[in-house]
Amino acid sequence: MGIVFAFCCLFCSAVNDFLFKLVTEKKTSRGYFMALVGLLSFLALLLVQGKWQDPKATIVWGLIGGFFSLTANILLIDAMSRQSAGICSTIYRLNLVAVVLGAYFFLGEKLNMSLIIGLVCATAAVLCFLGGGNEEGGKNALLGTVLVILASLLRACMGLTYKYGFSHAADPDGVALITCGIWIAGGIFYAAVKGEIRTGFSFRLLRLGVISGLLVGAIVYFMAKSVALGNVSIVIPIAQMSFIGTFLLSILFLKEKINFAKLAGIILGVAGIILLSR
């Protein structure tokens, strides 16, 4: 049953990344979108809140992790406005590279041969996209690739922050709730900085924001259930393969092209995630 939940998580993540791409297609306020997604997730998480064991640690690590989460996703959306949704989704999911390296250097975790080969495969995947996945958009697409690499690194910082915070008495549910609060406040602030305050809430924005907010809640739920019921070394790689679904959705609905470099990058990305999850 854990594998079924992992595939559900994969599906929801693939569709959610595709929605991020749609947000960039028309003049839709990205700040309001982030705030709306955060609001729906915040309300959902209120239902599962208990007493925080250490409120101070929960607030501190929730704020830090929330900053990394918000910034990573803003950069991801900005990258998707310049580069293929499939490429952005793949590189973003390869944040496992930075997580593994960060855990090795800062948390004292060990590297084995599987992890080392996984790091090589993941690095090669990114190089494929840098070298042959940008011919359609030139420098703008290359900038998109650089932005999503930065987003992936920030996403890894969020993961490492959470891991460190949870080991120092931070409450997982509380940290997640605070992260969603950061999305609400940060999204409104981003809208103000970008001059989107007067844009307002269009029906398209509401539709995309509500669907994405529901998907984020489903992703958290399905991931938790898959880990609880299945073998972690199997369910985590399955859930992380969502970029394949995003690639397919982009090809079918946005007519994005596939070439040898992109195909090689996808294959190497799959191999990297499987090895890094062992």
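Check the entry above for the structure.
Residues numbered from 1 in each chain as written. Predicted model: local features only at pLDDT ≥ 70, side-chain atom pairs only at ≥ 80, totals over all residues. Heavy atoms only, no water.

Draft legend 1. Here's a closer look at the overall build of the protein chain. Helix and strand counts for the protein chain come out as 12 helices and zero strands. Scanning the protein chain from its N terminus toward the C terminus, one meets helices and strands in the order α-α-α-α-α-α-α-α-α-α-α-α. Taken over the C-alpha trace, the protein chain has a radius of gyration of 18 Å; the compact-globule value for 278 residues is 19 Å, and the two agree within 12%. Projecting the C-alpha coordinates of the protein chain onto the three principal axes gives extents of approximately 50 × 50 × 35 Å. A buried classification covers 51% of the 278 residues belonging to the protein chain. Relative to all contacts within the protein chain whose residues are 6 or more apart in sequence, the contacts with residues 24 or more apart total 88%. One way to put it: in the protein chain the 21 positive side-chain charges average out to a point 3 Å from where the 11 negative ones average out. (Helix = DSSP H or I, 4+ residues; strand = E, 2+ residues; numbered from the N terminus. Rg over C-alpha atoms; globule rule 2.2 N^0.38 Å. Buried < 20%, exposed > 50% of the residue type's maximum accessible area, 1.4 Å probe, protein only. Contact = heavy atoms within 4.5 Å. Lys, Arg positive; Asp, Glu negative; His and termini not counted. Charge placed at Lys NZ, Arg CZ, Asp CG, Glu CD.)

Draft legend 2. A nonpolar patch on the surface, seen in detail. Taken together, the side chains of L101, Y104, F105, F106, L107 and Y164 make up a nonpolar region of the molecular surface, amounting to roughly 630 Å² of accessible area. For the nonpolar patch, the leading source of residues is helix α5 (residues 96–106), giving four residues. Along the chain, the position of F105 falls in helix α5. (Patch = residues over 30% accessible without salt bridge, like charges linked within 9 Å, V, L, I, M, F, W, Y side chains within 5 Å. Areas by Shrake-Rupley, 256 points an atom, 1.4 Å probe, with all protein chains shown as cover. Salt bridge = Lys/Arg side-chain N within 4 Å of Asp/Glu carboxyl O.)

Draft legend 3. Structural context of the side chain of T58. For T58, the location among the structural elements is in helix α3 (residues 55–80). A distance of 2.9 Å separates a polar atom in the side chain of T58 from the backbone oxygen of D54. Setting aside chain neighbours within four positions, we find T58 in contact with W52, A169, A170, D171, G174, V175 and I178. (Polar contact = N/O pair within 3.5 Å; in protein donor to acceptor, adjacent residues only side chain to side chain.)

Draft legend 4. Spotlight on the pattern of salt bridges. Counted under the stated rule, the structure contains three salt bridges. Salt-bridge contacts for D17 lead to R93; the nearest nitrogen and oxygen are separated by 2.8 Å. You can see D17 sitting in helix α1 (residues 2–25) and its partner R93 sitting in helix α4 (residues 85–93), a full 76 residues away along the chain. Of the residues examined, D17 reaches a relative accessible area of 3% and is grouped as buried. A residue is classified by how much of its surface remains accessible, and R93, at 13% relative accessible area, is buried. One network of salt bridges, with partners in common, ties together R30, D78 and R82.

Draft legend 5. Representation of helix α11 (residues 242–253). Its 12 residues give α11 an end-to-end C-alpha distance of 17 Å, which sits within 8% of 16 Å, the value for a rise of 1.5 Å per residue. Within the sequence span of α11, burial applies to S242, F243, G245, T246, F247, L249 and S250. Looking one or two residues past α11, K255 carries a phi angle of roughly 60 degrees, positive in sign. (Expected span 1.5 Å × (residues − 1).)

Draft legend 6. Here's a closer look at the state of the cysteines. For the structure shown, the criterion picks out zero disulfides. With no disulfide partner, C8 has as its closest neighbouring cysteine sulfur the one in C12, 6.7 Å distant. Free cysteine C121: the closest other cysteine sulfur is in C128, separated by 10 Å. (Disulfide = S-S within 2.5 Å.)

Draft legend 7. Layout of the nonpolar core. Ranked by size, the top nonpolar core spans 69 residues in total, and within it F33, M34, L76, V148 and L276 carry the most contacts. For this core, the element with the highest residue contribution is α1, accounting for 11 residues. With residues near it in sequence (within four places) discarded, V148 still touches L76, A79, C88, I91 and Y92. (Core = buried A, V, L, I, M, F, W, Y, C linked by side-chain atoms within 4.5 Å.)

Such coordinate-based values are descriptive only and should not be taken to indicate function.
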